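Below, each chain spelled out in residue letters.
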Amino acid sequence: MDNLTNLLHGFGDVLTPMNLLLALIGVTVGTAVGVLPGIGPAMTVALLLPITYGLEPVQAFIMFAGIFYGGMYGGSTTSILLNTPGESSSVVTAIEGNKMARAGRAAQALATAAIGSFVAGTIGTALLVLVAPQVVKFAISLGAPDYLAIMLLAFAGATAVLGSSRIRGFAALLLGLVIGLVGIDKVTGQERLAFGVPQLADGIDVVVVAVGIFAVGEALWVAAHLRHNPGHVIPVGRPWMGKADWRRSWKPWLRGTAFGFPIGALPAGGAEIPTFLSYATEKKLSKHPEEFGHGAIEGVAGPEAANNASAAGTLVPMLALGLPTNATAAVMLAAFTSYGIQPGPLLFQRESSLVWALIASLFVGNLMLLLLNLPLAPAWAKLLQIPRPYLYAGILFFASMGAYAVNSQPLDLLLLLALGLIGFGMRRFGLPVLPLIIGVILGPIAERQARMSLQLSNGDLSGLIGGPVSYVIYLVLLALIAWPLVSRRLTRKRQLVDA
Amino acid sequence: MSESAAVEAGPAPGDRAQYAVCGFLALVGALVIADAARLKHIATSNDPIGPKPVPVLLGVLLLIVAALYAVDVARGGTGEAEAGEDVDPTSPVDWRTVLLLIGAFVVNLALIEPLGWVISGALLFWGSAYALGSKHHIRNLFIAAGLSLATFYAFAIGLGVNLPAGVLQGIL
């Protein structure tokens, strides 16, 4: 019941006219930017960081909550109306959603996406309220070696599950870890990889890394391959659903939520797996399997719900353990640290009112999103027609402004460009960007935990492996690493049998 | 089945430019090790391993990954270039646009402190729009100026974000 009281306090903080206005601005701007083609939720949050710089932490996070869900919803609008999703988590929505739009059912596709996102987001946030404090209770009992194991699991999850190529994922992770090394070593005060540049002594700001890799890298990459006849945008009226659509949507929403939240909450989860699982399930359970591939509403309702629920799920490890598991959570974490707030088990004790205000504003933002998006969908659709030179020039413009504003030093702009070029190269050669950003954020923490573990064991390497929790995690890790080797063996055997 | 396996095993004419990535990774690895080598080894009871082992480990791993990556490329492995709403993956890299964008970026970087955000930001936007093929040069100038003025007033003056006023100090 303690949590309920805390949550009510959180609502008390949010429900003031000023804060509601901030939430509304967050939701609106988040959706507007998220709708823009080529801008996914992570880039939306990264580009909008500067608008929160002048605010108090609580107010900033109220706004963030709106930007977070707004950016997610904006992305799905793009994939329904344009068919070429920028984010891997919206791929599935585009399959059926765009077919529906082409068949003149864009209004229903957007409606089931909006209402499904609302349902899944609300249930997901409620589950967050229930689960996060339990995870915190568990996490407080963990020692440094256990944390180290969790960090290593997050590294493995980001490189192995997502990337089709492990070697490329691992290369990206290592680059991120190296970027994380730059600056003064906190324990001994020695400079590492700073090359005597005083501005590098404090390290490279995570916000600069995120904006460089996500925004500048993406803008340069798209600019290099700009389509000269942008995709066809399907005109849309006000979203609505008939009775039959409701009947066909509500179960997929709930099932999608059931897939999305738990998988999103895992340290190696993400949104891709639950959206695909949800799609496959709906296809199997549907009474109209023949409609799949031609615009089945279940194929939009389920994956959209799964996508949003997994986003709520990723907030569990992010808030309770300080562990980002997708790109959006990674950028949010960067925002936390720029306020000097370190997410993790102690966050719920130290910054209790902040956390609960954030959670309360997730509920509020979600509701605003629903009220806003149904009537405003035609306006969002217009944003898709923005001339591409302005869109990408605007991304570079806001990226530069945001990166400069972090520390007011032109050197950050140089770093931003260098990171943008790395991001460009990664997109060209198919290196995933998520492991890099996770490496930058978690690398320094993992090193600190490792050194603390060794301090406890007086430098004996056995100290790196702690209690039962770390044993279990290392077993999972081993399975994750060994699985492709085993499965390759199996398929080879099967091939031999077939031959 | 066996045919496809044979194709996989044989040397395929992969994307040779990928060797540049291997080279880059190896270079970073060497740099990290070289930087770690000049660190003083400080081991105390508080911190038995000091700041050295982690960079050395990362450097070695980078060298190993660079080598494995090269093996993968030699076997014909390729990474899948990223797709997106506005990306035409079949077109070759348009270097002219990329270099012009980098140019606009560098102009902003060089001028932001002496001239201020309003001027350097406007040049950045105008230059980027030009690089990306917009033909409305005069109209773009107005949009660029409007955007940088609006952001300056909203963020620097309204929200207290640090953006330099530069030569326009006192006028804005």
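Residues numbered from 1 in each chain as written. Chains lettered and ligands numbered in written order. Predicted model: local features only at pLDDT ≥ 70, side-chain atom pairs only at ≥ 80, totals over all residues. Heavy atoms only, no water.

**Points about the pattern of salt bridges**
Then, number 1: Here the structure, examined in full by the defined rule, presents twelve salt bridges over all chains.
Then, number 2: One salt bridge connects Arg105 of chain A with Asp245 of chain A, and the closest N-O pair in it is separated by 3.2 Å. Linking Arg105 of chain A in helix 5 (residues 91-140) with Asp245 of chain A in helix 9 (residues 243-265), this pair joins segments that are 140 residues apart in sequence.
Then, number 3: When its relative accessible area of 25% is taken as the criterion, Arg105 of chain A is described as partly exposed.
Then, number 4: A salt bridge links Arg38 of chain B to Asp35 of chain B, with the shortest nitrogen-to-oxygen separation between them at 3.2 Å.
Then, number 5: Via salt bridges that share partners, Asp185, Arg192, Glu447 and Arg451 of chain A belong to a single interconnected network. (Salt bridge = Lys/Arg side-chain N within 4 Å of Asp/Glu carboxyl O. Helix = DSSP H or I, 4+ residues; strand = E, 2+ residues; numbered from the N terminus. Buried < 20%, exposed > 50% of the residue type's maximum accessible area, 1.4 Å probe, protein only.)

**A word on the side chain of Thr77 of chain A**
Then, number 1: Turning to its location among the elements, Thr77 of chain A is positioned in helix 4 (residues 57-82).
Then, number 2: Among all residues touching Thr77 of chain A, those that are not within four sequence positions of it are Val35 and Leu110 of chain A. (Contact = heavy atoms within 4.5 Å.)

**Remarks on the interface of chain B and chain A**
Bring the parts together and some accessible area is lost; that lost area is often taken as the interface size.
Then, number 1: Opposite the 80 residues of chain B that make contact, chain A presents 74 residues.
Then, number 2: Summing both partners gives a buried area of about 6,900 Å² for chain B against chain A, and 71% of it is carried by carbon and sulfur.
Then, number 3: Between chain B and chain A we count two salt bridges in total.
Then, number 4: The residue Asp15 of chain B makes a salt bridge to Arg428 of chain A at a minimum N-O spacing of 2.9 Å. (Buried area = accessible area lost by both parts, 1.4 Å probe.)

**Topic: the packing of aromatic side chains**
Then, number 1: Considering all chains together, one arrives at 16 aromatic pairs over all chains under this definition.
Then, number 2: Here the aromatic rings of Phe397 of chain A and Trp117 of chain B are separated by 4.9 Å at their centres, their planes lie at 45 degrees, and the arrangement is tilted. With Phe397 of chain A in helix 15 (residues 388-407) and Trp117 of chain B in helix 5 (residues 117-131), this pair bridges two chains.
Then, number 3: Given the relative accessible area of 0%, Phe397 of chain A is considered buried.
Then, number 4: Overall, Trp117 of chain B belongs to the buried group, its relative accessible area being 0%.
Then, number 5: An aromatic cluster of at least three residues, connected via ring pairs, comprises Tyr390, Phe397 and Phe398 of chain A together with Trp117 and Phe125 of chain B. (Phe/Tyr/Trp six-rings, centres within 6.5 Å; stacked < 30°, edge-to-face > 60°.)

**Overview of the side chain of Thr93 of chain A**
All names here are of chain A.
Then, number 1: On the secondary structure map, Thr93 appears in helix 5.
Then, number 2: Accessibility expressed as a relative area gives 0% for Thr93, which makes it buried.
Then, number 3: Looking at Thr93, its side chain comes within polar contact range of the side chain of Glu304, at 2.7 Å.
Then, number 4: When sequence neighbours within four positions are dropped, the list of residues in contact with Thr93 reads Ser76, Ser79, Ile80, Asn98, Val300, Pro303 and Glu304. (Polar contact = N/O pair within 3.5 Å; in protein donor to acceptor, adjacent residues only side chain to side chain.)

**Thoughts on the domain arrangement of chain B**
Then, number 1: Per the domain assignment, the segments making up chain B are domain 1 (3-74) and domain 2 (95-167).
Then, number 2: Each of domain 1 of chain B and domain 2 of chain B has a C-alpha centre, and the two are 38 Å apart. (Domains from an automatic or database assignment.)

**Some words on a positive patch on the surface**
Then, number 1: On the surface, Arg166, Arg488, Arg489 and Arg492 of chain A together with Arg75 of chain B cluster together into a patch of positive charge.
Then, number 2: The leading source of residues in the positive patch is helix 18 (residues 468-498) of chain A, at three residues. (Patch = residues over 30% accessible without salt bridge, like charges linked within 9 Å, V, L, I, M, F, W, Y side chains within 5 Å. Areas by Shrake-Rupley, 256 points an atom, 1.4 Å probe, with all protein chains shown as cover. Lys, Arg positive; Asp, Glu negative; His and termini not counted. Charge placed at Lys NZ, Arg CZ, Asp CG, Glu CD.)

**Some words on the confidence of the model for chain B**
Then, number 1: Residues of chain B with pLDDT of at least 70 account for 91%, and the chain-wide mean is 86.
Then, number 2: Across chain B, the element-wise mean pLDDT spans from 38 in helix 1 (residues 2-9) of chain B up to 96 in helix 5 of chain B. (pLDDT = per-residue confidence, 0-100.)

**Here's the deal with a nonpolar patch on the surface**
All names here are of chain A.
Then, number 1: A grouping of Met18, Leu21, Leu24 and Ile25 is seen on the molecular surface, where their side chains present a nonpolar patch of about 330 Å² in accessible area.
Then, number 2: Mapped onto the secondary structure, Ile25 falls in helix 2 (residues 17-35).
Then, number 3: By relative accessible area, which is 33% here, Ile25 ends up partly exposed.

**Here we look at the packing of helix 4 of chain A against helix 14 (residues 352-383) of chain A**
All names here are of chain A.
Then, number 1: Their axes nearest at 8 Å, the elements helix 4 and helix 14 cross at an angle of 35 degrees. The hand of the helix 4/helix 14 crossing is right-handed. Counting all contacts with helix 4, which are made through Pro57, Val58, Phe61, Ile62, Ala65, Phe68, Tyr69, Gly70, Tyr73 and Leu81, the residues of helix 14 involved are Leu354, Ala357, Leu358, Ser361, Leu362, Asn366, Leu369, Asn373 and Ala381.
Then, number 2: Taken together, the residues of the contact of helix 4 with helix 14 sort by class into 15 nonpolar, four polar and no charged. (Axes fitted to C-alpha atoms, helices over the stretch in contact; angles between N-to-C directions. Left-handed = near helix turned anticlockwise from the far one by under 90°. Nonpolar A, V, L, I, M, F, W, Y, C, P; charged D, E, K, R; others polar.)

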